[in-house]
Amino acid sequence: MEFKNKVKVSPSILSADYAALKGDIEKVKLAGADMLHVDVMDGHFVPNISIGPPVVKSIRKATDMFLDCHLMISNPYDYIDSFAKSGADLIAFHVESNSNVEKTIEKINSAGILPALVVKPKTPAEAVFPYLKDIAMVLVMTVEPGFGGQSFMADMLPKIKAIREEANKVNPSLMIQVDGGIVPQTAKLCIEAGADVLVSGSYIFGAENTTEAVNSLR
C-alpha cells in the first residue's frame with residue numbers, strides 16, 4: 001500500500017449528499033483526496049445509525065478510491081467478512097468494542113485487507129500499544145464518535161504524540177489517523193503531534209473549492 005502524499009486526506013462521506021453520492025465521491029477524488037472514509041454506525045455502540053455493507057458494495061462499484069471503513073459497532077468481528085466482500089480496503093474497529101481485539105485483527109488480515117484500531121477520547125493511548133506491531137493504522141477520535149460537526153478536542157494531541165512515539169519503536173510505518181473537527185488549524189496541530197491521515201467531512205464537502213479544501217489540510 002503506497003500513497004503519493006505523506007499527509008493523507010480521507011473525506012468522510014458522512015457529510016456527503018447521499019442522493020448524489022457518486023458525484024460527491026468523484027469530486028473529492030479529482031480534488032486529490034487519498035482515501036474515502038466510510039463511517040458505519042449501528043445505533044448501539046454509538047447513538048446513531050448510518051450505512052452497512054450494501055452501501056459499501058455500491059461505493060466500491062462507483063470508485064477505485066481506497067476505502068477506509070470505520071466500524072462504530074458493538075461486535076465488529078461478526079461483520080468483517082461482510083465488509084471485506086463489499087470492497088473495504090481497510091477496516092478500523094474500536095478497542096472498546098465487545099469483540100476480542102487479537103481475533104478481530106487476525107480475521108481482518110485473513111480477509112486480505114488492512115486492520116486498524118480506533119480509540120475514543122476517554123480511552124488512553126496505552127490501550128492500543130500491545131497491538132501496534134500488528135496493525136496498519138490507529139484512528140484517534142478527536143470528538144466523541146457518532147455524529148459529524150463536533151468541535152475538535154485539543155486534549156487529544158498528547159495521545160497522538162504518545163502513540164507515534166511508541167509506534168516508532170515497534171512499527172514505524174504505522175499510520176495515525178485523526179477524525180473530528182479537522183480544519184486547517186487543527187490539522188496542523190495533529191500533524192505536528194504525529195498524525196499523517198486526516199479525516200474531514202463538512203469542511204471538505206461543504207467547501208466551494210474542494211481542491212483548495214483538501215490541499216489546505218496538508
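Note that the structure is predicted; figures quoted are calculated from it, not measured. (Residues numbered from 1 in each chain as written. Predicted model: local features only at pLDDT ≥ 70, side-chain atom pairs only at ≥ 80, totals over all residues. Heavy atoms only, no water.)

Student: Would you mind showing me how to read the overall build of the protein chain here?
Tutor: Across its full length, the protein chain carries eight helices and eight strands. What you see for the protein chain is a C-alpha radius of gyration of 16 Å, in line with the 17 Å of a compact globule of 218 residues. Seen through its principal axes, the protein chain has C-alpha atoms that stretch 40 × 35 × 35 Å. Counting all 218 residues of the protein chain, 54% fall into the buried class. Considering only contacts in the protein chain between residues 6 or more positions apart, those separated by 24 or more positions represent 64%. Just so you have it, the protein chain exposes about 9600 Å², and 50% of that area is on carbon and sulfur atoms. Positive and negative side-chain charges in the protein chain, numbering 21 and 26 respectively, have mean positions lying 3 Å apart. (Helix = DSSP H or I, 4+ residues; strand = E, 2+ residues; numbered from the N terminus. Rg over C-alpha atoms; globule rule 2.2 N^0.38 Å. Buried < 20%, exposed > 50% of the residue type's maximum accessible area, 1.4 Å probe, protein only. Contact = heavy atoms within 4.5 Å. Areas by Shrake-Rupley, 256 points an atom, 1.4 Å probe, with all protein chains shown as cover. Lys, Arg positive; Asp, Glu negative; His and termini not counted. Charge placed at Lys NZ, Arg CZ, Asp CG, Glu CD.)

Student: Explain the nonpolar core here, please?
Tutor: Here is a general trend for soluble globular proteins: nonpolar side chains tend to be buried in one another's company. Counting 58 residues, the largest nonpolar core has Val-140, Ile-160, Ile-163 and Cys-190 as the members making the most contacts within it. Broken down by element, the residue count for this core peaks at four residues, all from helix H5 (residues 157–170). Excluding residues within four positions of it along the chain, Ile-160 makes contact with Val-140, Ile-176, Val-178, Cys-190, Ala-193, Gly-194 and Ala-195. Core analysis: the next-biggest nonpolar cluster, separate from the first, contains twelve residues, Val-118, Met-137, Met-141 and Met-175 among them. (Core = buried A, V, L, I, M, F, W, Y, C linked by side-chain atoms within 4.5 Å.)

Student: Explain the pairing of strand E4 (residues 90–94) to me, please; I cannot follow it from the model alone.
Tutor: Of all five residues making up E4, five are buried, and the element is well covered by its neighbours. The two faces of E4 match: Leu-90, Ala-92 and His-94 on one face and Ile-91 and Phe-93 on the other face are all buried. Summarising the sheet, strand E3 (residues 66–72) and E4 pair through four bridges and their orientation is parallel. Paired with His-70 across the bridge in E4 is Ala-92. (Pairing = 2+ DSSP bridges.)

Student: Hey, could you run me through helix H4 (residues 101–110) in this one?
Tutor: An α-helical segment advances 3.6 residues per turn. Residues three or four places apart therefore align on the same side. Residues of H4 that are buried: Val-101, Thr-104, Ile-105, Lys-107 and Ile-108. Considered in projection along H4, the buried side chains sweep an arc of 160° and stay on one side of the axis. Relative to its buried face, H4 has exposed residues pointing more than 90 degrees away, namely Glu-102, Lys-103, Glu-106 and Ser-110. Against the buried residues of H4 lie helix H3 (80–86), E4 and strand E5 (114–119). Between the side-chain oxygen at the start of H4 and the backbone nitrogen of Glu-102 there is a gap of 3.1 Å, and the oxygen is on Asn-100. One or two residues past the end of H4 sits Gly-112, with phi positive at roughly 80°. (Arc of directions from axis to C-beta. Polar contact = N/O pair within 3.5 Å; in protein donor to acceptor, adjacent residues only side chain to side chain.)

Student: How should I be thinking about the pattern of salt bridges in this particular structure?
Tutor: Pairing of side chains with opposite charge becomes possible as their charged atoms draw close. On inspection of all chains with the given rule, the structure shows eight salt bridges. The residue Asp-89 makes a salt bridge to Arg-60 at a minimum N-O spacing of 2.9 Å. Taken together, the residues span a long stretch of sequence, with Asp-89 in the loop between H3 and E4 and Arg-60 in helix H2 (residues 53–62) at a distance of 29 residues. Close ionic contact of Asp-196 with Arg-164 constitutes a salt bridge, the shortest N to O distance being 3.6 Å. (Salt bridge = Lys/Arg side-chain N within 4 Å of Asp/Glu carboxyl O.)

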